[in-house]
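Spelled out from the first residue to the last, the chains are:
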Amino acid sequence: MFEFSDRLKVLPPYLFAELDRKKQEKIEQGVDVIDLGVGDPDMPTPKPIVEAAKKALENPENHKYPSYVGKLEFRKAVSDWYKRRFGVELDPQTEVITLIGSKEGIAHFPLAFVNPGDIVLCPDPAYPVYKIGAIFAGGTPYTIPLKEENNFLPDLDSIPEDVAKKAKIIWINYPNNPTSAPPTLEFYEKLVNWAKEYNVIVASDNAYSEIYTGSEKPPSILQVPGAKDVAIEFHSLSKTYNMTGWRIGMAVGNRELVAGLGKVKTNVDSGQFGAVQDAGIAALNLPEEEVEKIRNVYRERKKIMTEALERIGLEIYKSDYTFYLWIKVPEGYTSAEFVGRLIDEAGIVCTPGNGFGEYGEGYFRISLTVPTERLLEAAERIKSLKL
C-alpha cells in the first residue's frame, strides 16, 4: 500500500475537479446540465491566433526543446504590450518570464522564496492555488479576509505586526476572482508602501485585467512608482483571448523575483512549446477592437443575467469587472446547500462561495461563459425553484 505524502493529505479536494465530478455524474443520469461553474470561455480563440499557430507548427525550430524562460520574441511582445496597455517599462531579458499558463507560475513561485514555516498571506475568498502553492513549499498560509463592507479589498491595517514581520509573500488578485471586485491605484500604493515597510513580496495575479464591462480599464500594480522593488505580476492570455487550453502566460516585474521563479522552472519543466509562444505573440499584437468584441459579449451577458436574477430576488454584488457574478445565497441556506439544490433540482452547476475559503460562505459564483440563451434558461430554472 502506498500512502500520499503529508502535504497531499492536508489538501482539500481541488474545487473545480470536484465540480467537474458532480457535473459528469448528472450528465450520466441524462440531465441537461448548464455549467456556470468553471470560468472557461465558450468563444473560440480568435482566428489570427490560430493561423499563427498553424504556421508556427511548420517551423522546425519549434520542434526542439524551448528556452526555459521563454522565447525572447515572446518576452519582447509581453514587454511591448505592458508598455502600450499600462505604460509600464519592462526589460524582456530580465523582467519577463514565459509561463505554461499563469496557474503553473503561481503554484511554483513560493518554492523560490518560502522556507518551511514561513508565512504566506492569502486572501479569502480566493483562487485556491495561492494557499496550495504555499503548502507545497512548506509555508504556512495566513488568511486575510475579503469582506463586502471593504469592497473585498484586504485590510492591511488588521494584519498583526508579528505576522507581517514573518510574512514572505502577500497574494492579491484584482479584478478579483471570485468576487469581481475592482482594483484601485490608491490601494496598490498603500500595499507597496506596506510591503516595503515589512520586506514582503507582493504577488499580483492580474489574469482578468482585460475583462471589464464598463469604460474604466483596470490598472496594474506595476504602475505604482517603486512597485518593481517588491512586486511580481502574473498574467495570462487565457481569459483575454479565449486561450485557456493553450496554457500560455507570463510573470513580470522585479528581476530577482522573476529570476527566482526561473530557477524553479529550469528544474521542474522544459519551457512552453515554441509554436504556442508564437501564437501568444500574435495574441498580444491583436488589434484592440478584436478584444473589444469579446468584452461586448460579456457586457451583454452580464446585463441580461443580472437583470434576470434580480427579478427573482437574488442580491448580486455590482461590478464592471470579470465575467463572474458574485451572489448572496437566499436566506436559510449555506453556500453548499444552495449550490447542491441548483445541481440536484435544476441541473445548474455553480460554484459555492465557501469553495474559495471560509469568507466566501453565504455567496455563490456564476460564470458568464455560456451563450446568452443558456444563461436565460438557467435563470428560468432558478425561478422555478420558488426560492
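What counts and what doesn't
Residues numbered from 1 in each chain as written. Predicted model: local features only at pLDDT ≥ 70, side-chain atom pairs only at ≥ 80, totals over all residues. Heavy atoms only, no water. Helix = DSSP H or I, 4+ residues; strand = E, 2+ residues; numbered from the N terminus. Contact = heavy atoms within 4.5 Å. Core = buried A, V, L, I, M, F, W, Y, C linked by side-chain atoms within 4.5 Å. Buried < 20%, exposed > 50% of the residue type's maximum accessible area, 1.4 Å probe, protein only. Salt bridge = Lys/Arg side-chain N within 4 Å of Asp/Glu carboxyl O.

*Asks:* I tried to follow the environment of A134 on my own but got confused; where do I start?
*Replies:* The residue A134 is located in helix α6 (residues 129-136) in this model. Residues A134 and A107, spaced 27 residues apart in sequence, show a C-alpha to C-alpha distance of 7.9 Å. Those residues in contact with A134, other than ones at most four positions away along the chain, are P110, V120, G139 and P141.

*Asks:* Looking at this structure, I do not really get the nonpolar core. What am I missing?
*Replies:* Soluble globular proteins tend to pack their nonpolar side chains together in the buried interior. The biggest cluster of nonpolar side chains holds 58 residues, and the ones touching the most others in it are Y82, W194 and Y241. For this core, the elements supplying multiple residues, two or more each, are α3 (47-57), α4 (72-86), β3 (119-124), α7 (161-166), β5 (167-173), α8 (185-198), β8 (249-253) and α10 (274-284). Residue contributions to this core peak at seven residues, all from α8. Filtering out sequence-adjacent residues up to four positions away, Y241 remains in contact with T45, P46, I49, W81, A283, L284, L286, V291 and I294.

*Asks:* Looking at this structure, I do not really get the pattern of salt bridges. What am I missing?
*Replies:* Close approach of charged atoms allows side chains of opposite charge to pair. For the structure shown, the criterion picks out 32 salt bridges. Note that R381 and D32 form a salt bridge whose closest N and O atoms lie 3.0 Å from each other. With a gap of 349 residues between them, R381 in helix α13 (residues 372-384) and D32 in the loop between α2 (15-28) and β1 (34-35) connect regions that are remote in the sequence. Its relative accessible area of 15% is what places R381 among the buried residues. According to the relative accessible area criterion, D32 is partly exposed, its value standing at 41%. Salt bridges sharing partners connect three or more residues here, namely D32, R374, E377 and R381.

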